[in-house]
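What follows is the residue order along each chain.
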Amino acid sequence: MHIKTRIEEFLLSFIKDAFGQNIDPGSILVQKTRKEFKGDFTVVVFPFTKLLRKPPEGIGKLLGEALVEKLEDIESYNVIKGFLNLNLKVDYWLDFFIEHHSDVYFGYSEPKEERPVVVEFSSPNTNKPLHLGHIRNNLLGDSVSRVLGANGHNVKKVNLVNDRGIHICKSMLAWLKWGEGATPGSTSQKGDQLVGEYYVLFEKEYIKQVSRLVETGKSREEAEKEAPLMAEVREMLKKWEEGDSHTVELWKTMNQWVYEGFDVTYDRMGISFDKIYYESDTYLLGKKIVEEGLKKDLFFRKPDGGAWVDLSQEGLDDKLLLRPDGTSVYITQDLGTAELRYKDFNPSEMIYVVGNEQNYHFEVLKKVLAKLGKPYSDAVHHLSYGMVELPEGRMKSREGTVVDADDLIDLMEKTAEKITRELGKTEGMTKEQKQTLYKKMGLAALKYFILKVDPRKNMVFNPNESIDFNGHTAPFILYTYARIHSVLRKAPNDKLLPLKKTIAASQMADKEKELLKLLHDFPVIVNESAEELNPAIIANYAYELAREFNQFYHDHSILNEQDRKVSEFRLRLASFTGIVIRSAMDLLGVDVVERM
RNA sequence: GGUUCCGUAGCUCAACCGGAUAGAGCAACGGCCUUCUAAGCCGUAGGUUGAAGGUUCGAGUCCUUCCGGAAUCACCA
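Reference entry: report on the structure contained in this document. (Residues numbered from 1 in each chain as written. Chains lettered and ligands numbered in written order. Predicted model: local features only at pLDDT ≥ 70, side-chain atom pairs only at ≥ 80, totals over all residues. Heavy atoms only, no water.)

Let us look at the overall build of chain A. Looking only at helices and strands, chain A features 20 helices and 15 strands. Along the first, second and third principal axes, the C-alpha atoms of chain A reach 85 × 70 × 45 Å. Summarising the internal contacts of chain A: among those between residues at least 6 apart in sequence, 74% fall at separations of at least 24. Of the roughly 28,800 Å² that chain A leaves accessible, carbon and sulfur atoms contribute 49%. Both charge centroids of chain A, one from 82 positive and one from 92 negative side chains, sit 2 Å from each other. (Helix = DSSP H or I, 4+ residues; strand = E, 2+ residues; numbered from the N terminus. Contact = heavy atoms within 4.5 Å. Areas by Shrake-Rupley, 256 points an atom, 1.4 Å probe, with all protein chains shown as cover. Lys, Arg positive; Asp, Glu negative; His and termini not counted. Charge placed at Lys NZ, Arg CZ, Asp CG, Glu CD.)

In total, this model carries 35 salt bridges according to the counting rule given. The partner of Glu422 in a salt bridge is Lys418, with the nearest N and O atoms 3.8 Å apart. Note that Glu422 and Lys418 are positioned in helix α15 (residues 405–423) at a spacing of 4 residues, about one turn of the helix. Neither residue differs from the other here; Glu422 and Lys418 are each classed as exposed. Linked by salt bridges that have partners in common, Lys190, Asp192, Arg268, Asp406, Asp410 and Glu413 make up one network. (Salt bridge = Lys/Arg side-chain N within 4 Å of Asp/Glu carboxyl O. Buried < 20%, exposed > 50% of the residue type's maximum accessible area, 1.4 Å probe, protein only.)

Positionally, Gln209 belongs in helix α8 (residues 191–215). Looking at Gln209, its side chain comes within polar contact range of the main-chain nitrogen of Leu229, at 3.0 Å. (Polar contact = N/O pair within 3.5 Å; in protein donor to acceptor, adjacent residues only side chain to side chain.)

Direction vectors running N to C along helix α5 (residues 132–150) and helix α16 (residues 431–451) enclose 85 degrees, while the axes themselves pass 10 Å from each other. For the element pair α5 / α16, the angle class is roughly perpendicular. For the pair α5 and α16, the contacting residues are Leu132, Ile135, Arg136, Leu139, Leu140 and Ser143 in the first and Leu446, Lys447, Ile450 and Leu451 in the second. Within the contact of α5 with α16, the residues separate by chemical class into 7 nonpolar, 1 polar and 2 charged. (Axes fitted to C-alpha atoms, helices over the stretch in contact; angles between N-to-C directions. Parallel < 35°, antiparallel > 145°, perpendicular 65-115°, else oblique. Nonpolar A, V, L, I, M, F, W, Y, C, P; charged D, E, K, R; others polar.)

Helix length check: helix α20 (residues 564–587), at 24 residues, gives a terminal C-alpha distance of 35 Å against a target of 34 Å (1.5 Å per residue), a fit within 8%. Burial of α20 is extensive: 19 of the 24 residues sit out of reach of the surface. Capping the start of α20 is the job of one residue whose side-chain oxygen sits 2.9 Å from the backbone nitrogen of Lys565: Asp563. Gly589, located one to two residues past α20, shows a positive phi value of around 80 degrees. (Expected span 1.5 Å × (residues − 1).)

Structural data, given as structure tokens:
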């Protein structure tokens, strides 16, 4: 049991015994002591003052005495205002060190016997290449999956590909009209990039048509409906739904191009899935579910034939579930995939990593599922994340301001190469090793840049300022790791002294203890990150740990230390830090490097 | 207009779900490499936490109002 919990539980029972008062467990607050005060953990005693009717200093003293007496690990205490600072015995920290310092799974929980947790992320449309927004989605989904796995959950990563619908037809139609038979092979382009160009082309031509119609005196709304291109693309969608062989053939071909392109990008990002769903496979099931709901009078038909659900009881409006012509809308297929996913995995939880622009959609989805009496309606959890914005605002594909995923990764790799060359520390490395280094470094910088921000918040990316490689960044953390490994490589090969409590209290320097305390936090961090589905907690922890190590490294020599016991203690401490840095970075999906 | 979310240093982000003097990085300025990797370390400067009230021992955090921004309220996905 964690020392914090032990302190909390002790206080709870102590106050009950001594004062006959039951205290709200939530009012007991044990936190790490701030650096400017002496102590390891701090109890805030203000909450007890009212109940016990004593001044805070008195209570602090009383509780401090009791803790020192009854909890073996606590050595001493001091009280400042309403804060009770507790000092743990040095042996507590050393025991912790001895037990865990070489454990590569430190911080990870044993796998639990339980139903799986399904994490859906990525969910691309097959009409355009991935951009920076998708990168955030993919990195979050991947990292959250890793973090949940580290907490013992049985995680299934799934992708739901949006492979049908009018937007897909737009690319197809434009390609037919203006493509002149271009293929990824003939243009040596990635398939997703190629298809994306035709989507943009469609939009351009469509806007031209609309504005021409507006000039002839039509309202914008009329113009948008009547533009010939829109009519053509509607016709194409209809043909697709009817199974027209030419249309379906073209659809298959172009989607295949896109998938091949996506695979390259996923591979570069180090993203993979346990199962891929296609909307074209699930939307029919969604329709069936809506039909069932209609039969049970949970939903209703409007005079034009559209199927609707009345959510006024739930505080929302009516919501369309099927168009009057019977074709499905977005939520229709989500009902289908939820059902399918539940049958496939029998999950305890279904997490959807989807942008916060769809908060309302998921609210509706949950309520519709509840109305249908689906057992998994409570299992649906929307991991809602904020948009990635440019300094001038949102990325807009029509205005060509999207930051392309492949381009950005290229840029990061090039920057990594340039900086590495300037520093000139890679003598002796082969060409392949250097290439691998640039790739890892560039990707690490990008991933960290995105994951260090609280997922719920919108974030800003400025394309004109390249992502930093100094300071609060992945390269800084990787550099720390490389430094550690440099020391480990240079350490003498002699057998280390047996690990005993050879370090006396007076010998553990402040920086060593601070480092040890931080390492001690790691399991709590991993747990918290999972509970909040927030990788940023791990990212920020990894930075703090690296910074603390660098201070320690700066102040104390490891290999040049004359006292062998001290030298070996520091060597093991460095190695332990390396293990935790690697684990933390792994949870972010970032590879470490041993040289840079 | 209704609903929801967000306003923290010039910029990008933290702040342990109400706790001690709001912390980092970047950018700026000044130090530290004959010693384990200077992608580092140390220091200086930078804040009325959008504004005003309120709740209490204590508010960046909770409540109210206002200001500013975003998302959504589609027979788009």
